[in-house]
Amino acid sequence: MSKQTEYVARLPDAKGQLHFPQDEHDIWQALYERQLDNLPKFACAEYQQGLKKLALCDDKIPQLTEIDKVLLDSTGWKTAAVPALISFEKFFVLLANKEFPVATFIRSKDEFDYLREPDIFHEVFGHCPLLTNPSFAHFSHVYGKLGLAASKEDRVFLARLYWFTVEFGLIQKRDNSLEIYGGGILSSPGETLYAMGSTPEIRPFNLLDVLRTPYRIDIMQPVYYAIDSIEYLDEIVKMDIMGAVAEAKKLGLFEPLFEPKSKAS
């Protein structure tokens, strides 16, 4: 992999507005257009409804203040501009306060398809539409509160729950058809087509299994976990999540379905 680009986040002005140069708006437009054809075929209905509510521009990076108006009206959430990767502590604090962190930079053309750090396209296009949905918003809020109270060791297990739901979650309907609700897939054309193909393993959601499943951030996922509807997220928050974390710690992780790497999770 080529040397990682050093990104600098745009700081909001006194009115909370973000200012990007035209070439960065062009990157947003290219990313948006590239994924637009996939959404009607693969994205869950709740995501598509949320995207319509947000009315994102396809040719320029949106203002977070405009997104906030819709989120606050829909579920009481808002965005929080952050520089890039943030600590677990800061992440959980924001979610517990119904604030979704959005890194205020956009990827370069050199890292169009793979980006280690989540950028504004990933956060806004991938996640914000579903934050208009009550079940998704409630799950994210409860998750934040759990993480805030958890130990450092327990947060590593909680990260797997987030990874296999909010980031890379699928919905498998009664007819076995698949839909996407995970923002990590929805913001990636490559992962969208891969997830909807025949290569990965699709497992029914099981909390303990999810907490015991290793993942890597730099590869296509060999396994995804599927819920039967977005409303199932309401059922997950009723589970004894921290009790399951304690059990997962005792049992240990499953053998990874990928080649080892020192920075694997």
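Structural data are supplied above this passage.
Caption draft 1: Seen up close, the overall build of the chain. Secondary structure assignment for the chain yields 13 helices and six strands. Since a compact globule built from 265 residues should have a radius of gyration of about 18 Å, the 18 Å found for the chain is in line with a globular shape. In terms of principal-axis extent, the alpha carbons of the chain reach across some 50 × 40 × 40 Å. Burial statistics for the chain: of 265 residues in total, 52% are counted as buried. For the chain, the accessible area works out to roughly 12,500 Å², and carbon and sulfur atoms hold 52% of it.

Caption draft 2: The pairing of strand β1 (residues 78–82), seen in detail. In the sheet, β1 pairs with strand β2 (residues 99–103) via five bridges, with the strands oriented parallel. If you follow Val-82 over to β2, its bridge partner there is Ala-103. Taking the sense of rotation as the criterion, the β-α-β connection linking β1, helix α5 (residues 88–96) and β2 turns out right-handed.

Caption draft 3: Representation of the sheet that holds strand β6 (residues 223–227) within the structure. Spatially, four strands are ordered β4-β3-β6-β5 in an open sheet, and the strand pairing comes out mixed. Edge positions in the sheet fall to β4 (178–180) and β5 (201–204), since each of these pairs with one other strand and no more. Direction aside, the axes of adjacent strands within the sheet are offset by 40° on average. Bridge count for strand β3 (residues 170–172) against β4 is three bridges, and the pairing is antiparallel. Residue pairing across strands places Gln-172 opposite Leu-178, the latter belonging to β4.

Caption draft 4: Region of the structure containing the pattern of salt bridges. Within the structure shown, the criterion is met by ten salt bridges. In this structure, Lys-173 engages Glu-179 in a salt bridge whose closest nitrogen and oxygen atoms are separated by 3.2 Å. Exposure remark for Lys-173: the relative accessible area of 38% places this residue in the partly exposed category. Each of Glu-153, Asp-154 and Lys-249 takes part in salt bridges that share partners, so that together they form one network.

Caption draft 5: Examining the packing of helix α1 (residues 22–36) against helix α6 (residues 120–127) more closely. Packing of α1 against α6 leaves a shortest axis separation of 11 Å and a crossing angle of 35°. Crossing of α1 against α6: the hand is right-handed. Across the interface between the two elements, Trp-28, Leu-31, Tyr-32 and Gln-35 from α1 touch Ile-120, Phe-121, Val-124 and Phe-125 from α6. Along the lines of polarity and charge, the residues of the contact of α1 with α6 split into seven nonpolar, one polar and no charged.

Caption draft 6: Structural detail: the side chain of Thr-79. With respect to the helices and strands, Thr-79 occurs in strand β1. For Thr-79, a relative accessible area of 5% gives the class buried. The residues touching Thr-79, leaving out its near neighbours within four places in the chain, are Leu-64, Ile-67, Asp-68, Leu-71, Glu-99, Phe-100, Val-102 and Cys-128.

Caption draft 7: Expanded view of unusual backbone geometry. Of note, the phi angle at Ala-55 is positive, near 50°, even though the residue is not glycine. A positive phi angle, near 60°, is found at Lys-98, a position not held by glycine. Positionally, Lys-98 belongs in the loop between α5 and β2.

Caption draft 8: Representation of the packing of aromatic side chains within the structure. Enumeration according to the criterion identifies 18 aromatic pairs in this entry. Measuring from ring centre to ring centre gives 5.2 Å for Trp-28 and Phe-121, while their planes differ by 80°; the resulting arrangement is edge-to-face. Of this pair, Trp-28 sits in helix α1 while Phe-121 sits in helix α6, and the two are 93 residues apart along the sequence. Trp-28 gets classed as buried once you look at its relative accessible area, which sits at 0%. For the ring pair Phe-164 and Tyr-225, a centre distance of 5.3 Å and an interplane angle of 80° mean the geometry is edge-to-face. You can see Phe-164 sitting in helix α8 (residues 152–167) and its partner Tyr-225 sitting in strand β6, a full 61 residues away along the chain. By relative accessible area, Tyr-225 is classed as buried at 0%. Taken together through their ring pairs, the aromatic side chains of Phe-88, Phe-91, Phe-92, Phe-139, Tyr-143 and Tyr-162 make up a single cluster. Positioned above the aromatic ring of Phe-157 is the side chain of Arg-160, whose terminal nitrogen or guanidinium carbon lies 4.8 Å from the ring centre.

What counts, and at which threshold
Every chain is numbered independently, its residues counted from 1 as its sequence is written. Where totals are concerned, whole chains, interfaces and linings use all residues; where local detail is concerned, this predicted model gives features only for residues with pLDDT of at least 70, and gives and counts side-chain atom pairs only at 80 or more. To get the side-chain values, all heavy atoms of the structure are used, and hydrogens and water are removed first. Segments assigned H or I by DSSP are reported as helices when at least four residues long, segments assigned E as strands when at least two residues long, and all are numbered from the N terminus. In this setup the radius of gyration rests on C-alpha atoms only. A globule is expected at 2.2 Å times the number of residues raised to 0.38. Only protein chains enter the accessibility calculation, which uses a 1.4 Å probe. A residue is then buried if its area is under 20% of the maximum for its type, exposed if over 50%, and partly exposed in between. Working definition of accessibility: Shrake-Rupley area with a 1.4 Å probe, residue cover restricted to the visible protein chains. Pairs of strands are assigned from DSSP output, requiring at least two bridges between the strands. Here, the term right-handed applies to a crossover whose path from the first strand over the helix to the second runs clockwise when the strands point away from the viewer. The angle between two axes is taken between their N-to-C directions and runs from 0 to 180 degrees, where each axis is a line fitted to C-alpha atoms and a helix contributes only its stretch in contact. We define a salt bridge as a side-chain nitrogen of Lys or Arg found within 4 Å of a carboxyl oxygen belonging to Asp or Glu. For a crossing to be left-handed, the near helix must be turned anticlockwise from the far one by less than a right angle; the clockwise case is right-handed. Throughout, a contact is declared for two residues whenever any of their heavy atoms are within 4.5 Å. Charged means Asp, Glu, Lys or Arg here, nonpolar means Ala, Val, Leu, Ile, Met, Phe, Trp, Tyr, Cys or Pro, and polar covers whatever is left, Gly included. Side-chain rings of Phe, Tyr and Trp (the six-membered ring for Trp) are treated as a pair once their centres are within 6.5 Å; stacked means planes under 30 degrees apart, edge-to-face means over 60, and tilted covers the remaining angles. Over a ring means this: the NZ of a Lys or the CZ of an Arg is within 6 Å of the ring centre and within 35 degrees of the ring normal.

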